[in-house]
Amino acid sequence: MANRSSDIQTQLIHAGEPDPRIAGAVALPVFQSATFEYAGQNSYHDLKYIRLNNTPNHQVLHAKLAAIAGGEAAVVAASGMAAITSALLSFLRSGDHLLVQDCLYGGTHTFVNHDLPSLGIAFDFVAGNDPSSWESLLKPETRVIYVETMTNPLLEVTDLEAVVRFAREHNLVSMIDNTFASPVNFKPLGMGFDVELHSCTKYLNGHSDIVAGCAIGGEDRIERIVDRMNHLGGCLDPHACFLLYRGMKTLALRVRHQNDNALGLSQLLEGHPAVAQVNYPGLDDHPQHARAELLFEGCGGVLSFEVRGGVEAADRLIESLVLPISAPSLGGVETLITRPATTSHSGMTTKERAQAGISDGLIRVAVGIEAADDLCDDFEQALARL
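These figures come from a predicted structure and were not determined experimentally. (Residues numbered from 1 in each chain as written. Predicted model: local features only at pLDDT ≥ 70, side-chain atom pairs only at ≥ 80, totals over all residues. Heavy atoms only, no water.)

J.: Where do I start with the side chain of Asn 178 in this structure?
T.: For Asn 178, the position within the fold is in the loop between β5 (173-177) and α6 (182-185). When its relative accessible area of 0% is taken as the criterion, Asn 178 is described as buried. In contact with Asn 178, not counting residues within four places along its chain, are Thr 149, Pro 183, Phe 186, Pro 188, Glu 196, Leu 197 and His 198. (Helix = DSSP H or I, 4+ residues; strand = E, 2+ residues; numbered from the N terminus. Buried < 20%, exposed > 50% of the residue type's maximum accessible area, 1.4 Å probe, protein only. Contact = heavy atoms within 4.5 Å.)

J.: Explain unusual backbone geometry here, please?
T.: A negative phi angle characterises most non-glycine residues, just as the trans form characterises most peptide bonds. In this model, Asp 19 is joined to Pro 20 through a cis peptide bond whose omega is 5°. Position of Pro 20 relative to the elements: it lies in the loop between α1 (8-14) and α2 (56-69). Of the consecutive residues Asn 152 and Pro 153, the connecting peptide bond is found in the cis state with omega at 15°. With respect to the element layout, Pro 153 can be found in the loop between β4 (142-148) and α5 (160-169). If you check the backbone angles, Ser 182 has positive phi at about 65° while not being a glycine. Within the secondary structure layout, Ser 182 lies in helix α6. For Ser 182, a relative accessible area of 1% translates into the label buried.

J.: Please clarify how the sheet that holds strand β1 (residues 73-77) should be interpreted in this entry.
T.: Two pairing modes exist for strands in a sheet, parallel and antiparallel, and in both the strands are linked by backbone hydrogen bonds. Ordered in space as β1-β7-β6-β5-β4-β2-β3, the seven strands form an open sheet in which the pairing is mixed. The open sheet has two edge strands, β1 and β3 (122-126), and neither has a second partner. The mean inter-strand angle of the sheet, taken between neighbouring strand axes irrespective of direction, is 20°. Where strand β6 (residues 195-199) lies against strand β7 (residues 213-217), five bridges are found, and the strand directions are antiparallel. Paired with Val 195 across the bridge in β7 is Gly 217. α2 rests against β1, β6 and β7 of the sheet, and its axis sits at about 125° to β1. (Pairing = 2+ DSSP bridges. Axes fitted to C-alpha atoms, helices over the stretch in contact; angles between N-to-C directions.)

J.: I'm lost on the packing of aromatic side chains in this one. Help?
T.: Describing an aromatic ring pair means giving the distance of the ring centres and the angle of the ring planes. According to the stated counting rule, one finds five aromatic pairs in the structure shown. Between Trp 134 and Phe 166, the aromatic rings sit 5.6 Å apart at their centres with planes inclined by 85°, giving edge-to-face as the arrangement. Here Phe 166 lies in helix α5 and Trp 134 lies in the loop between β3 and β4, a separation of 32 residues in the sequence. Take Phe 166: its relative accessible area is 6%, and that puts it in the buried class. (Phe/Tyr/Trp six-rings, centres within 6.5 Å; stacked < 30°, edge-to-face > 60°.)

J.: What is the right way to look at the nonpolar core in this model?
T.: Within soluble globular proteins, side chains that are nonpolar tend to cluster in buried spots. The biggest cluster of nonpolar side chains holds 85 residues, and the ones touching the most others in it are Leu 244 and Phe 305. Contact partners of Phe 305, with chain neighbours within four places excluded, come to Leu 269, Val 275, Gln 277, Val 278, Asn 279, Leu 317, Gly 361, Leu 362, Ile 363, Val 365 and Phe 379. Counting residues in hydrophobic clusters, the runner-up holds 30 residues, among them Ala 82, Ala 87, Leu 92 and Met 175. (Core = buried A, V, L, I, M, F, W, Y, C linked by side-chain atoms within 4.5 Å.)

J.: Got a minute to help me understand the sheet that holds strand β9 (residues 302-307) in this structure?
T.: On the basis of which strands lie adjacent, the open sheet formed by five strands has the order β8-β9-β12-β11-β10 and mixed pairing. Looking at which strands have only one partner, the edges of the open sheet turn out to be β8 (275-279) and β10 (325-326). In this structure, β10 lies alongside strand β11 (residues 336-338), joined through two bridges in parallel fashion. The residue of β11 that forms the bridge with Ser 326 is Ile 337.

J.: Just checking my understanding: could you explain the packing of helix α10 (residues 251-270) against helix α14 (residues 372-383) for this structure?
T.: Helices that pack against each other are described as a pair by the angle of their axes relative to one another and the distance between those axes. Contact pair α10 / α14: the axes reach a minimum separation of 10 Å and the direction vectors enclose 25°. Classified by the interaxial angle, the pair formed by α10 and α14 is roughly parallel. The hand of the α10/α14 crossing is right-handed. Within the contact between the two elements, α10 uses Asn 261, Gly 264, Leu 265, Leu 268 and Leu 269 and α14 uses Ala 372, Leu 375, Cys 376, Phe 379, Glu 380 and Leu 383. Broken down by class, the residue content of the contact of α10 with α14 amounts to eight nonpolar, two polar and one charged. (Parallel < 35°, antiparallel > 145°, perpendicular 65-115°, else oblique. Left-handed = near helix turned anticlockwise from the far one by under 90°. Nonpolar A, V, L, I, M, F, W, Y, C, P; charged D, E, K, R; others polar.)

Here it is, written out as structure tokens:
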């Protein structure tokens, strides 16, 4: 179906929909078929088959994702890590070198730090807010620079404009994990990034009931990622495709409410005597607040903080809360709370977490779409118990 609007909420509803609608169905049906009748395709990758990520459920998602992000093409994957690893391995081979941000989601950090070397791929971590230091780490065999929009779990905002300039100057493929912002808050392809990655498990789906990922970008680069992913087997099944398709329809509504909830909660925490530190780019005193205001429509639904009293106090706070669920992940309609040292970043060693600035007592909150007053009241009663 043709899409004549540039507003993301309209694109989320209408972009990529089949025209004419299949048997008149308003909601795209689930095509629960592993294989499809041969239709004269000349390329193996054009055969309709679930593992090749090209069934009708996949195709609608690809078109919708590309539209909302401002890309030419997209591909969904079985998880965020399937998208990330497939993208990296599409542009890196034995003997190549990667520049990668020094504060990353734990799964990405572990893949880079422990798996890439076994494939003969070298890497260096770069300080996201110190562009002057990147040149010294550049090598003739450097091929890719990889960053996150907002770091997990410290919510630092990398000098993203500098990343794009640096990549262009040195002919590097620039990749960005935009999960924390979502295309509602930030569109990195419009800034000049080559590949945008998401864990669709989080905001894009928004209901904590599937695991999925995606890569979005120019047709040539996505074609390379699709080719790699088809061989690695990281396909998304049709029912998960349907749930992601359905969840995306309300993405803008959810994210805008979560922006407001996270800002309100971070302001409450910042002013509380039991709280030692709050990390949220929407706060005026965040080190990259001015950059976040310039680049983002909103600062997302994730914040982190530390309470006075360390790990013991952090655990008491989590136990005293009523509304937040103590669980990893983020982006769902319910508020989740966790200590990253025990969940998202538990795969890192104690030394690696310390180097990244992640203390054992750090608490991460992924706010949902509950009423803001109810969330704040719950945190106030829990903080009063410390």
